[in-house]
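# Coordinates in review
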Amino acid sequence: MLPEPIQNLIFALERLPGIGPKTASRLAFYLLRAPEEISGSLAEALTDLKTKIAFCQECFNITVAGRERCEICESGQRDGSVICVVEEPLDILSIERIGAYQGKYHVLQGVINPIEGIGPDDLKIRPLLERIRRGGVLEVILATDPTMEGDATAQYLHPRLKALGVHVTRLARGLPVGGDLEYADQNTLLRALSGRQEMG
Amino acid sequence: MTEPRSYRVEAVVLRHNDWGEADRILALYTRERGKLRVVAKGARRIKSRKAGHIEPFTRVTLQLARGRDLPIVTQAETVDAYLPLRDELAKTGQAAYVVELLDRFTYEDASENHAIFRLLTETLGRITFEPDPWLAVRFYEVHLLGLLGFRPRLFECANCGEAVQAVAQFFSALAGGVLCPKCGAGLPGVWPVSMEALKFFRHFQRSDYAGAQRARPAPEVREELEGLVQRYVTYLLERELNSPDFIKQIKR
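Residues numbered from 1 in each chain as written. Chains lettered and ligands numbered in written order. Predicted model: local features only at pLDDT ≥ 70, side-chain atom pairs only at ≥ 80, totals over all residues. Heavy atoms only, no water.

### Notes on the overall build of chain B
- Counting its secondary structure elements, chain B contains 9 helices and 8 strands.
- Its C-alpha atoms give chain B a radius of gyration of 20 Å, within 12% of the compact-globule value 18 Å for 252 residues.
- Based on the C-alpha atoms only, the size of chain B along its principal axes is roughly 65 × 45 × 30 Å.
- Burial analysis of chain B (252 residues in total) assigns 54% to the buried set.
- When contacts within chain B are restricted to residue pairs at least 6 apart in sequence, those whose partners lie at least 24 apart make up 59%.
- Accessible surface for chain B amounts to roughly 12,200 Å². Of this, 49% is attributable to carbon and sulfur atoms. (Helix = DSSP H or I, 4+ residues; strand = E, 2+ residues; numbered from the N terminus. Rg over C-alpha atoms; globule rule 2.2 N^0.38 Å. Buried < 20%, exposed > 50% of the residue type's maximum accessible area, 1.4 Å probe, protein only. Contact = heavy atoms within 4.5 Å. Areas by Shrake-Rupley, 256 points an atom, 1.4 Å probe, with all protein chains shown as cover.)

### Describing the interface of chain A and chain B
- Counting from both sides, the interface comprises 29 residues of chain A and, opposite them, 30 residues of chain B.
- Ranking the residues of chain A by area buried against chain B places A:P114, A:I115 and A:M148 at the top, with a combined share of 25%.
- At the junction of chain A with chain B, the criterion picks out 3 salt bridges.
- The partner of A:E116 in a salt bridge is B:R15, and the shortest N-O contact between them spans 3.3 Å.
- Seen at the junction of chain A and chain B, the total is 14 residue pairs in polar contact (both at pLDDT 80 or more).
- Secondary structure elements with two or more residues in the side of chain A that touches chain B: α7 (148–162) and α8 (186–194) of chain A. (Buried area = accessible area lost by both parts, 1.4 Å probe. Salt bridge = Lys/Arg side-chain N within 4 Å of Asp/Glu carboxyl O. Polar contact = N/O pair within 3.5 Å; in protein donor to acceptor, adjacent residues only side chain to side chain.)

### Concerning the environment of B:K248
- Following the sequence through the fold, B:K248 ends up in helix α9 (residues 243–251).
- Taking the C-alpha atoms as reference, B:K248 lies 29 Å from B:H53; in sequence the two are 195 residues apart.

### Points about the pattern of salt bridges
- Counting across every chain of the model gives 28 salt bridges over all chains.
- In this structure, A:D151 engages A:R170 in a salt bridge whose closest nitrogen and oxygen atoms are separated by 2.7 Å. With A:D151 in helix α7 and A:R170 in strand β6 (residues 167–170), this pair connects stretches of sequence that are 19 residues apart.
- You can call A:D151 buried: its relative accessible area is 4%.
- The exposure class of A:R170 is partly exposed, given its relative accessible area of 27%.
- A salt bridge links B:R126 to B:E122, with the nearest nitrogen and oxygen atoms 3.4 Å apart. In this pair, B:R126 and B:E122 both sit in helix α3 (residues 114–129), 4 residues apart, roughly one turn of the helix.
- Since its relative accessible area comes to 30%, B:E122 is described here as partly exposed.
- Salt bridges linked by common partners bring A:E58, A:R69, A:E74, A:R131 and A:R134 together as one network.

Function cannot be read off these values alone, since they describe shape.
Shown next as structure tokens:
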């Protein structure tokens, strides 16, 4: 019914998460009417996304293609003796936003999922262990999600990191700011209680 | 049958998958309606009131509202969190196997099956508290197969009907049970099974858990029995399960 270029764009947009057929056609027709620079810059950004992005060979965060290491790994300001282990590059963004962490990162690019068949070998675990074997690391902070999968990943890493002589910590788990005790689940409440802190 | 606008179920969360911006889709095994998929809106937000109650392996009561496509979780309250299943990786692996097996064998057919629900919750409880979950998991496999209608014939030859004698036999997944040496020898696709392994298999099949616990199979018999059931399950499902491979990986 529609000319092929429009139809193709609608199909392409529909494949994105959270976009259905109606939104896809609305976006497509908007781009058709909008000045060329909008669609032009979008097209350019999309092409660059795959060709100009690579993974840091040290921590596996995303970085500009052609660079061996990402900005954080290169930086002389960051403390290389602490490594924070996260699931995805987006998690780094969240931690960087608080501006209180001065160490470096390691991105696992996934999480152990026994039911889906994602095991330790599918993640960037070996490079992490190699990185620590090279020396200079004192503490590893496990910042995987507090889900069954994140916990399984932390449980898997813990003895293997410990064997390399580093101090292993896990992000604390407890009550969120503005939360309500009444709705807390046993797991969270139990850990909040056992991890309670002296008021100081 | 029209669904009520809002209803309550008791369920075990089999697995969860991220959905949309901050939602999760849960696969549940409910006491009231068997397997059921539901949406938990906003369950990935850090302040979600539901998130902690609907992690995999948790036994939970849920208030569900009829949704456009899938039912929507409106309230969640943990009945049993089986916490050690999350704190010990070996137990996580076993629980994942238990849950995956049920997930693969069942469909969302809104049929209640109290016996399966009970077997599931009892098994998760046993893996939680027993130092060695081997027996609990084998007992679960054998009884789950029975409840699903795949109970293997272990007392007479599945081909000629002769009572099984006290000698090594063959096992045929196709025939759904044991074949006597006369019928099984030389047949393609049958596996040899020792008298010892068969003895424990039969014992697990007709005992309750307390009875099964009295059995003390030797390590090589344990391995044989585990392998036998695994092959039978793989045959029935026509594909490999994910969690046995995971269990092997974490042992390294």
